[in-house]
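Residue-level listing of the chains:
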Amino acid sequence: MNVVGQDVEIDVDGSAMAAYTARPADARLRPAVLVCSELWGLTDDVRALVRDVAALGYVAVAPDLYHRLDADTARGFTETDANRTRAFELVAQLTREGVEQDLRASLDHAHARADAAGKPGILGMSLGGHLAFYAASRLDLAAAAIYYPGWLPVAGTALSRPEPLLTVAPAIAQREVRLELFFAELDHVIDAEQRDAIAAGLTAAGVRHEITVYEGAAHAFFFPGREPYHKASADDSWQRVAGLFTSELG
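Residues numbered from 1 in each chain as written. Predicted model: local features only at pLDDT ≥ 70, side-chain atom pairs only at ≥ 80, totals over all residues. Heavy atoms only, no water.

Next up on the list: the nonpolar core. Ranked by internal contacts, the top residues of the largest apolar core, which has 89 residues, are Leu123, Phe133, Leu179, Phe222 and Phe245. The leading source of residues in this core is helix α4 (residues 127-138), at 7 residues. Discounting residues that sit within four places of it in the chain, Phe222 has contacts with Leu49, Met125, Tyr147, Tyr148, Tyr229, Ala234, Ser237 and Trp238. (Core = buried A, V, L, I, M, F, W, Y, C linked by side-chain atoms within 4.5 Å. Buried < 20%, exposed > 50% of the residue type's maximum accessible area, 1.4 Å probe, protein only. Helix = DSSP H or I, 4+ residues; strand = E, 2+ residues; numbered from the N terminus. Contact = heavy atoms within 4.5 Å.)

What follows is the structure, encoded as structure tokens:
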């Protein structure tokens with residue numbers, strides 16, 4: 001499917017938030033899918049992911065969720081130790097209120113341009129999976145595809161402040177959002193104990209969910225061309241994402 005991608009600016013409370021959006025080249029109204037970036041922000045990998053979501057038949061929007069904190073993050077960060085340190089400084093300043101406002105503005109942008117119709121979905125990688133989990137508790141979403149989300153059952157990082165983000169699971173259940181979560185067996189960020197805690201919390205809350213753990217895969221296994229890339233896991237997970245969105249978004 002041919003897609004059209006472009007950089008845009010989205011108004012958020014009187015300020016401009018950079019975002020990247022893509023949609024099929026035809027003029028049909030289609031459901032929107034928010035894309036939440038990993039730690040490195042709106043990189044070329046994330047922009048390619050937005051186009052891949054669009055190729056599934058959706059209006060995809062990836063906002064720069066660091067925009068309130070740094071004026072020079074619209075193209076993301078290259079993966080260096082110095083940039084990792086800077087990115088974690090920004091992560092420490094994210095707030096639940098700010099993230100929700102930015103994601104709502106991104107959905108409003110999709111719908112205001114008459115590109116999108118129907119109930120939306122969300123997809124997030126790593127930090128983005130963490131943020132997508134929170135969004136599922138606050139936004140009117142139908143489905144969330146969540147890759148190796150850090151810090152859900154542990155307080156102190158990103159939006160797991162003051163309590164672990166896993167505590168919002170009952171709100172996800174109340175909204176009837178369906179979750180697909182993808183984990184790596186050898187993840188250095190999310191160990192088996194954390195995966196078990198996430199599964200138990202979602203089950204106890206009554207969240208509609210499925211968890212897949214990929215044997216032999218490590219954190220950040222999805223993107224080609226990077227050291228952790230695990231093709232079999234990436235391919236299988238993408239098929240599941242497509243199935244989730246087809247089932248829940250149409």
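Summed over the entire model, instances satisfying the criterion amount to 1 cavity of 30 Å³ or more. The volume enclosed by the largest cavity comes to roughly 90 Å³. Around the largest cavity, the lining residues are Ser37, Glu38, Gly41, Leu42, Pro63, Asp64, Leu65, Tyr66, Leu127 and Leu131. Residues belonging to the lining of the largest cavity are distributed by class as follows: 6 nonpolar, 2 polar and 2 charged. (1 Å grid on protein atoms, 1.4 Å probe; cavity = no way out; pocket = protein on both sides within 12 Å on 5 of 7 lines; lining within 4 Å. Points joined across faces, edges and corners; volume = space filled by probe spheres on them. Nonpolar A, V, L, I, M, F, W, Y, C, P; charged D, E, K, R; others polar.)

Its volume calculated, the largest pocket comes out at about 380 Å³. In terms of lining, the largest pocket is formed by 17 residues, of which the most central are Trp40, Arg84, His188, His219 and Ala220. Taken together, the residues of the lining of the largest pocket break down into 8 nonpolar, 4 polar and 5 charged. Here the second largest pocket defines a volume of roughly 170 Å³.

Structurally, the position occupied by Arg30 is in the loop between β2 (15-24) and β3 (32-36). Residue classification places Arg30 among the buried residues on the basis of a relative accessible area of 6%. Polar contacts involving the side chain of Arg30 include one to the main-chain carbonyl oxygen of Gly57, which spans 3.3 Å. Those residues within four positions of Arg30 in sequence are excluded, and the remaining contacts are Met1, Arg23, Pro24, Gly57, Tyr58, Val59, Asp115, Ala116 and Ala117. (Polar contact = N/O pair within 3.5 Å; in protein donor to acceptor, adjacent residues only side chain to side chain.)

Turning to the sheet that holds strand β5 (residues 121-125), a few remarks are in order. A sheet is described by the order of its strands in space; here 8 strands give the open sequence β1-β2-β4-β3-β5-β6-β7-β8, paired in mixed fashion. Two strands in the sheet have a free side with no partner beyond their single neighbour: β1 (3-12) and β8 (209-214). Neighbour to neighbour, the strand axes of the sheet diverge by 20 degrees on average, direction disregarded. In the packing of helix α6 (residues 192-205) onto the sheet, the strands contacted are β7 (178-184) and β8, and the crossing angle to β7 comes to about 170 degrees. Against the sheet, helix α7 (residues 231-248) touches β3, β5, β6 (143-147), β7 and β8, its axis set at about 170 degrees to β6. (Pairing = 2+ DSSP bridges. Axes fitted to C-alpha atoms, helices over the stretch in contact; angles between N-to-C directions.)

The next thing to look at is unusual backbone geometry. A negative phi holds for most residues other than glycine; trans holds for most peptide bonds. The linkage connecting Arg161 with the following residue, Pro162, adopts the cis geometry, with an omega of 5 degrees. Here Glu176, not a glycine, exhibits a phi torsion of approximately 60 degrees, which is positive. Tracing the backbone shows Glu176 in the loop between α5 (169-175) and β7. Under the relative-accessibility criterion, Glu176 is labelled exposed at 58%. Here Ala220, not a glycine, exhibits a phi torsion of approximately 65 degrees, which is positive. Relative accessible area serves as the criterion here: at 9%, Ala220 is assigned to the buried category.

Moving on, we get to the pairing of β3. Burial runs high along β3: 5 of the 5 residues are buried. Where β3 lies against strand β4 (residues 59-63), 3 bridges are found, and the strand directions are parallel. Residue pairing in the sheet places Ala32 in a bridge with Val59 of β4. Handedness of the crossover is the feature at issue here: the chain leaves β3, passes through helix α1 (residues 44-55), returns alongside β4, and the resulting connection is right-handed. Pairing analysis gives 4 bridges linking β3 to β5, with the strands arranged parallel. From the neighbouring strand, Val35 faces β5, where its bridge partner is Leu123. (Right-handed = clockwise from strand over helix to strand, strands pointing away.)

Inspection of the entire model under this criterion finds 22 salt bridges. Close ionic contact of Asp7 with Arg47 constitutes a salt bridge, the shortest N to O distance being 2.4 Å. Taken together, the residues span a long stretch of sequence, with Asp7 in strand β1 and Arg47 in helix α1 at a distance of 40 residues. Classification of Asp7 as partly exposed rests on a relative accessible area of 48%. Sharing partners across several salt bridges, the network here consists of Asp7, Asp44, Arg47 and Arg75. (Salt bridge = Lys/Arg side-chain N within 4 Å of Asp/Glu carboxyl O.)

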